[in-house]
Amino acid sequence: MTAQQVVRRWAWLGTLVIGSALYLAVLAVLSDTGNPNLFPTLILLGALVVPLTFVTFAAGRSGRWLIDGPTLGGALIFGGVIGVVVAGLLEYDAMRKLGALPMLGVGLIEEAAKLVIPVVLVLFFGHRYRSVGGGIVIGVAVGTGFAVLETMGYAFVALLQSGGNVGAAEQTLFIRGLLSPAGHAAWTGLTCWGLWRFAVQPTGKRFLGFVGLYAVAVALHTTWDGIGGRVTYAVVGVISIGLLLFGLKSAQRGEAISGSFVQ
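Once a new chain begins, its residue numbering starts again from 1 and follows that chain's sequence as written. Residue-level local features of this predicted model are given only where pLDDT is at least 70; pairs of side-chain atoms are given and counted only at 80 or more, and the full residue set underlies all totals for whole chains, interfaces and linings. With hydrogens and water stripped out, all remaining heavy atoms of the structure feed into the side-chain values.

Caption draft 1: Region of interest: the overall build of the protein. We count a stretch as a helix when DSSP gives it H or I for four or more residues in a row; a strand needs E for two or more, and each element gets its number in order from the N terminus. Helix and strand counts for the protein come out as 11 helices and zero strands. Listing the helices and strands of the protein from first to last along the sequence gives α-α-α-α-α-α-α-α-α-α-α. Throughout, the radius of gyration refers to the C-alpha atoms, and the reference size of a globule is 2.2 Å times the residue count to the power 0.38. Computed over C-alpha atoms, the radius of gyration of the protein comes to 19 Å, within 12% of the 18 Å expected from 2.2 N^0.38 for 263 residues, which places it in the range of a compact globule. Considered along the principal axes of its C-alpha atoms, the protein spans approximately 60 × 55 × 35 Å.

Caption draft 2: Quick look at the pattern of salt bridges. Salt bridge, as applied in this entry: a Lys or Arg side-chain nitrogen positioned within 4 Å of an Asp or Glu carboxyl oxygen. Here the structure, examined in full by the defined rule, presents two salt bridges. Across the pair lysine 114 and glutamate 111 runs a salt bridge, and its minimum N-O distance is 2.9 Å. Each residue's exposure class comes from its accessible area (1.4 Å probe, protein chains only) as a fraction of the maximum for that residue type: buried when under 20%, exposed when over 50%, partly exposed otherwise. Among the residues examined, glutamate 111 registers a relative accessible area of 1% and is labelled buried. Ionic pairing is found between glutamate 150 and arginine 176, a salt bridge with its closest N-O pair at 3.0 Å. Of this pair, glutamate 150 sits in helix H7 (residues 132-161) while arginine 176 sits in helix H8 (residues 166-179), and the two are 26 residues apart along the sequence. Given the relative accessible area of 26%, arginine 176 is considered partly exposed.

Caption draft 3: Representation of the side chain of glutamate 150 within the structure. Classification of glutamate 150 as buried rests on a relative accessible area of 18%. Within polar-contact distance, the side chain of glutamate 150 engages the side chain of histidine 184 at 3.0 Å. Residue contacts are counted whenever heavy atoms from the two residues lie within 4.5 Å of one another. Excluding its chain neighbours within four sequence positions, the residues that come into contact with glutamate 150 are Glu110, Arg176 and His184. Here a polar contact means two N or O atoms within 3.5 Å. Within protein one must be a hydrogen donor candidate and the other an acceptor candidate, and residues neighboring in sequence count only if both atoms are side-chain atoms.

Caption draft 4: Quick look at the nonpolar core. Definition of nonpolar core: a set of buried residues of the types Ala, Val, Leu, Ile, Met, Phe, Trp, Tyr and Cys, connected through side-chain atoms within 4.5 Å. In this structure, Val132, Ile136, Val137, Ile138, Val140 and Trp196 are the most contacted members of the largest nonpolar core, which totals 42 residues. It is helix H9 (residues 184-200) that contributes the most residues to this core, nine residues altogether. Filtering out sequence-adjacent residues up to four positions away, isoleucine 136 remains in contact with Gly189, Trp193, Leu244, Gly247, Leu248 and Ala251. One finds Ile43, Leu45, Leu159 and Leu173 within the second-largest nonpolar core, a separate group that totals 14 residues.

Caption draft 5: Looking closely at the layout of surface pockets. The computed volume of the largest pocket comes to approximately 550 Å³. Along its surface, the largest pocket is lined by 25 residues, and Glu150, Tyr154, Arg176, His184 and Asp225 are the ones closest to its centre. Contributing elements (two or more residues each) for the lining of the largest pocket: helix H4 (69-98), helix H5 (103-113), H7, H8, H9 and helix H10 (204-227). Tallying contributions element by element places H7 first for the lining of the largest pocket, with six residues. Under the scheme applied, nonpolar residues are Ala, Val, Leu, Ile, Met, Phe, Trp, Tyr, Cys and Pro; charged residues are Asp, Glu, Lys and Arg; polar residues are all the others, including Gly. When grouped by side-chain class, the residues that make up the lining of the largest pocket number 13 nonpolar, seven polar and five charged. Both site types are read off a 1 Å grid over the protein atoms alone. A 1.4 Å probe that fits but cannot get out defines a cavity, while an open set with protein on both sides within 12 Å along at least five of seven lines defines a pocket; lining residues have an atom within 4 Å of a point. Grid points are joined across faces, edges and corners, and a volume is the space filled by probe spheres set on the points.

Caption draft 6: Region of the structure containing the environment of histidine 221. Structurally, histidine 221 can be placed in helix H10. Residue histidine 221 is classed as buried on the basis of its relative accessible area, which comes to 1%. When the C-alpha atoms of histidine 221 and valine 26 are compared, they prove to be 32 Å apart, with 195 residues separating the residues in sequence. Sequence-distant contacts of histidine 221, defined by excluding residues within four places in its chain, comprise Val106, Gly107, Glu110, Glu111, His184 and Trp187.

Caption draft 7: Representation of a nonpolar patch on the surface within the structure. Without a salt bridge and with relative accessible area above 30%, a residue can belong to a patch; like charges are then joined within 9 Å and nonpolar side chains (Val, Leu, Ile, Met, Phe, Trp, Tyr) within 5 Å. In this description, accessible areas are obtained by the Shrake-Rupley approach with a 1.4 Å probe, and a residue is regarded as covered only by the protein chains that are shown. A grouping of Val6, Trp10, Leu13, Val17, Ile18 and Leu22 is seen on the molecular surface, where their side chains present a nonpolar patch of about 570 Å² in accessible area. Counting residues per element, the nonpolar patch draws most heavily on helix H2 (residues 11-33), which supplies four residues. Inspection of the secondary structure assignment puts valine 6 in helix H1 (residues 3-9). Judged by relative accessible area, valine 6 falls into the partly exposed class, the value being 35%.

Caption draft 8: Expanded view of the packing of aromatic side chains. Pairing of aromatic rings covers Phe, Tyr and the six-membered ring of Trp, with a centre-to-centre limit of 6.5 Å; geometry is then stacked below 30 degrees between planes, edge-to-face above 60, and tilted otherwise. Scanning the entire structure with this criterion turns up eight aromatic pairs. Taking the centre distance of 6.3 Å and the plane angle of 20° together, the rings of phenylalanine 54 and phenylalanine 57 count as stacked. Of this pair, phenylalanine 54 and phenylalanine 57 both sit in helix H3 (residues 39-59), three residues apart, roughly one helical turn. Here phenylalanine 54 matches phenylalanine 57 in class, with each residue buried.

Encoded structure:
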């Protein structure tokens, strides 16, 4: 293993340490001064540190295919924003027409909305992004962007509802930020595993595999939202992360066997 590979593999640790230090520094200054101008920075860092660490971790284990920074950043930002906007619009329309939207409906809509950017990359830039491992990481980045924006929204609402209590927002940031890798990031990574496998070798079997992984992501999402609780989060989280790591390992093994980026 080269020095560059070692750095890439352990970059997540530096991301976590530096990000956590910045968050704690902002929190300390905010607590000491009470300056409300620091609230946006606190919410952004609190929502971003753990998910970004997970993206870096996944990227370091995606195989030989190294995703460039602009692609990874674009997937996180644009994938997250478009996913949130599309999901919010569809959920609003569904609730307006159908009344209460069941958890299964939320899972179906959000997991589909997060696929907008990955599908665009596959359709228009498929010749460039041929690695299944890279596709999984792109999915993780999109899911991370979605989770970060969602967490920021919840933290802002908690701050308003608590009358400006930093502790309420901090608790929301800690819980949702800590859990996000086992949620949206892992679920979108799973669906993109199936999507990229089908894209590099479009067969009926692999299309069914993509549909199956999408269904698994929706089922995990629905269970997470519908049941809730620590036990549910722990079980769903272990399954989600376990499947994602299996996907990354499978893609990495496929690259090593084939000697190319196509598995």
